[in-house]
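Single-letter residue listing:
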Amino acid sequence: MSVSLTRYLVEQQRSKGHIPSELRLLLEVVARACKGISHAVNKGALGGILGSAGSANIQGEVQKKLDIIANDVLIEANEWGGHLAAMASEEMDSIHAVPNRYPQGEYLLLFDPLDGSSNIDVNVSIGTIFSVLKKADASTSVNEADFLQAGTQQVAAGYCVYGPQTTLVLTVGDGVAMFTLDREQGSFVLTQEDVQIPADTQEFAINMSNMRHWAAPVQRYVDECLQGKDGPRGKDFNMRWVASMVADVHRILTRGGIFLYPWDKREPGKAGKLRLMYEANPMSWLIEQAGGASSSGADRIMDIAPAQLHQRVSVILGSRNEVERVVRYHQEAAAAA
Ligand code: AHG
Ligand code: MN
Ligand code: MN
């Protein structure tokens, strides 16, 4: 018997008591928006969605047409439902409060509408990442400070990867479940439950072109992997780098591995490339729920108290023993200094 996303969420609400009905409906709407984005992605050049939009976001990155289309789809799908107080996105400078003409809910939705923008035009897997928080005080009007909660406060997190298949991956704190989009039925169908990442791996993902700019502990880790059987690790490693975090994390949830996007010395004041609130936090919760680990090198990512909506962070996540090793290399370097 196949289980739809709707049924899975009803069970999470009814028998498991993990989520209230408002959160269930919110997640259904997010999934519907992802379906819309998936259709746009599939049309490609035929839908006029490729290429640059000729604008830049607050992070100074050039926006692709699909960055803006995906952002609009998510906003339009979510603003009238009555479950949200506000949304925040990689593509918007500040928060988007639910307009006054709609009822205000108590949830906050954060998203990276289109992750892996450099892969859109070359027909390589891309995705959407989302995180749901709850507004601490329901009686006040919403502002940016309401969003500045640590990752441990998330009530739902997930991503949708638009690849050879469209797959929605979700956690509400009861493990990780994967749903494949059935295009004929128009619904997401549960295809894997209780996803578990092996603690060990021989596969790493990092943009090697930045090696000379990394901090010493990251250089040490990757250098040891590269030495393979003849080096201190005594085994050969394989490397994969899609350059879409969704696709790299999806591979790790499927067969293990370690993903790193570390701080580098070209811009020492910048913690890393990836953003804490709508990239690192949701991915960290999924990884931890699947038995993996996620750290900045210094801290567990989900424990970091955010100071800014678009704050960046160094990311090391995946198979537990490998992440712990990289963290240990950071500790050893700090102790020696
Ligand atoms: P986005 O497209 O949302 O800006 O995110 C891109 C991120 C992430 O998905 C990926 O891991 C990384 O940028 C790729 O960076 P490189 O260009 O260094 O490969
Ligand atoms: Mn991204
Ligand atoms: Mn993006």
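A quick note: this is a predicted structure, and the numbers were derived from the prediction, not measured.

**Focus: the nonpolar core**
Inference 1: Core analysis: the biggest nonpolar cluster contains 45 residues, and Leu27, Leu109, Leu168 and Phe179 have the highest contact counts within it.
Inference 2: No other element matches helix H2 (residues 21-43), which puts 11 residues into this core.

**Comments concerning the coordination of the manganese ion (ligand 2)**
As a benchmark, a tetrahedral metal site with four donors has ideal angles of 109.5 degrees, while an octahedral site with six donors has ideal angles of 90 or 180 degrees.
Inference 1: Taken together, Asp112 (OD), Asp115 (OD) and Glu279 (OE) make up the protein donors of the manganese ion (ligand 2), found 1.8 to 2.1 Å from the metal.
Inference 2: Written as a sequence motif, the donor arrangement for the manganese ion (ligand 2) is D-x2-D-x163-E.
Inference 3: Separating the manganese ion (ligand 2) and the manganese ion (ligand 3) is a distance of 3.8 Å, and Asp112 donates to both of them. Linking Asp112 in strand S5 (residues 107-115) with Glu279 in helix H6 (residues 276-289), this pair joins segments that are 167 residues apart in sequence.
Inference 4: Accessibility expressed as a relative area gives 1% for Glu279, which makes it buried.

**Points about the site of ligand 1**
Inference 1: Every one of the 18 residues lining ligand 1 counts as a neighbour, but Asp115, Ser117, Asn207, Met245 and Tyr261 are closest to it.
Inference 2: One of the side-chain nitrogen or oxygen atoms of Asn207 is found 2.8 Å away from an oxygen atom of ligand 1.
Inference 3: One of the side-chain nitrogen or oxygen atoms of Trp241 is found 3.0 Å away from an oxygen atom of ligand 1.
Inference 4: Coverage of ligand 1 by the protein chains reaches 87% of its 470 Å² of free accessible surface.
Inference 5: The element contributing the most residues to the shell around ligand 1 is S5, with three residues.
Inference 6: Here the shell around ligand 1 spans two domains, since at least three of its residues come from each of domain 1 (5-192) and domain 2 (203-336).

**Some remarks on H2**
Inference 1: Its 23 residues place the ends of H2 34 Å apart at the C-alpha level, agreeing with the 33 Å of an ideal helix rising 1.5 Å per residue.
Inference 2: Just downstream of H2 lies Gly44, where phi reads positive at about 55°.

**Some words on the coordination of the manganese ion (ligand 3)**
Inference 1: Summarising the metal site, the manganese ion (ligand 3) is bound by the protein donors Glu90 (OE), Asp112 (OD) and Leu114 (O), whose distances to it range over 2.2 to 2.4 Å.
Inference 2: In terms of primary sequence, the donors binding the manganese ion (ligand 3) are separated according to E-x21-D-x1-L.

**Looking at the environment of Ser4**
Inference 1: Residue position: Ser4 is located in the segment before helix H1 (5-14).
Inference 2: Given the relative accessible area of 25%, Ser4 is considered partly exposed.
Inference 3: For the pair formed by Ser4 and Val161, sequence separation is 157 residues and the distance between their alpha carbons is 18 Å.
Inference 4: Once residues within four sequence positions are removed from consideration, Ser4 is found in contact with Phe179, Phe188 and Val189.

**Looking at the packing of aromatic side chains**
Inference 1: What the rule picks out here adds up to four aromatic pairs.
Inference 2: Summarising the aromatic geometry, the rings of Phe204 and Phe237 are spaced 6.4 Å apart at their centres and angled 55° between planes, so their arrangement reads as tilted. In this pair, Phe204 sits in strand S11 (residues 203-205) while Phe237 sits in the loop between helix H4 (216-227) and strand S12 (238-239), placing the two residues 33 residues apart along the sequence.
Inference 3: The exposure class assigned to Phe204 is buried, which follows from its relative accessible area of 2%.
Inference 4: The exposure class of Phe237 is buried, given its relative accessible area of 16%.
Inference 5: The interplanar angle of 20° and the centroid separation of 5.5 Å between the aromatic rings of Trp241 and Phe259 together place this pair among those described as stacked. Of this pair, Trp241 sits in the loop between S12 and helix H5 (245-255) while Phe259 sits in strand S13 (residues 258-261), placing them 18 residues apart in sequence.
Inference 6: With relative accessibility at 25%, the residue Trp241 sits in the partly exposed group.
Inference 7: Residue Phe259 is classed as buried on the basis of its relative accessible area, which comes to 2%.
Inference 8: A network of ring pairs unites the aromatic residues Trp241, Phe259 and Tyr261 as a single cluster.
Inference 9: Against the face of Tyr329 rests Arg220, its NZ or CZ located 3.6 Å from the ring centre.

**Brief notes about the packing of H1 against H2**
Inference 1: One way to put it is that H1 packs onto H2 with a least axis distance of 9 Å and a crossing angle of 160°. As summarised for this structure, H1 and H2 are arranged roughly antiparallel, according to the angle between their axes. Between H1 and H2 the crossing geometry is right-handed. For the pair formed by H1 and H2, the contact residues are Leu5, Thr6, Leu9, Val10 and Gln13 on the first element and Ser21, Arg24, Leu27, Glu28 and Ala31 on the second.
Inference 2: The residue makeup of the contact of H1 with H2, split by class, is five nonpolar, three polar and two charged.

**Regarding the sheet that holds strand S14 (residues 293-295)**
Inference 1: In space, the five strands of this open sheet follow the order S12-S11-S13-S15-S14, with mixed pairing throughout. The open sheet has two edge strands with one neighbour each: S12 and S14.
Inference 2: Helix-sheet contacts for H6 involve S14 and strand S15 (315-318), and the interaxial angle to S15 is about 25°.

**Quick word on the domain arrangement of the protein**
Inference 1: Examined at the domain level, the protein breaks down into domain 1 (5-192) and domain 2 (203-336).
Inference 2: With centres defined by C-alpha atoms, the gap from domain 1 to domain 2 works out at 24 Å.
Inference 3: Listed per partner, the contact involves 51 residues of domain 1 and 31 residues of domain 2.
Inference 4: Between domain 1 and domain 2, a total of about 2,900 Å² is buried, with carbon and sulfur atoms accounting for 64% of that surface.

Calculation notes
Residues numbered from 1 in each chain as written. Chains lettered and ligands numbered in written order. Predicted model: local features only at pLDDT ≥ 70, side-chain atom pairs only at ≥ 80, totals over all residues. Heavy atoms only, no water. Core = buried A, V, L, I, M, F, W, Y, C linked by side-chain atoms within 4.5 Å. Buried < 20%, exposed > 50% of the residue type's maximum accessible area, 1.4 Å probe, protein only. Helix = DSSP H or I, 4+ residues; strand = E, 2+ residues; numbered from the N terminus. Donors = N, O, S within 2.8 Å, 3.2 Å for Na, K, Ca; no water. Near = heavy atom within 4 Å. Polar contact = N/O pair within 3.5 Å; in protein donor to acceptor, adjacent residues only side chain to side chain. Areas by Shrake-Rupley, 256 points an atom, 1.4 Å probe, with all protein chains shown as cover. Domains from an automatic or database assignment. Expected span 1.5 Å × (residues − 1). Contact = heavy atoms within 4.5 Å. Phe/Tyr/Trp six-rings, centres within 6.5 Å; stacked < 30°, edge-to-face > 60°. Lys NZ or Arg CZ within 6 Å of the ring centre and 35° of its normal. Axes fitted to C-alpha atoms, helices over the stretch in contact; angles between N-to-C directions. Parallel < 35°, antiparallel > 145°, perpendicular 65-115°, else oblique. Left-handed = near helix turned anticlockwise from the far one by under 90°. Nonpolar A, V, L, I, M, F, W, Y, C, P; charged D, E, K, R; others polar. Pairing = 2+ DSSP bridges. Buried area = accessible area lost by both parts, 1.4 Å probe.

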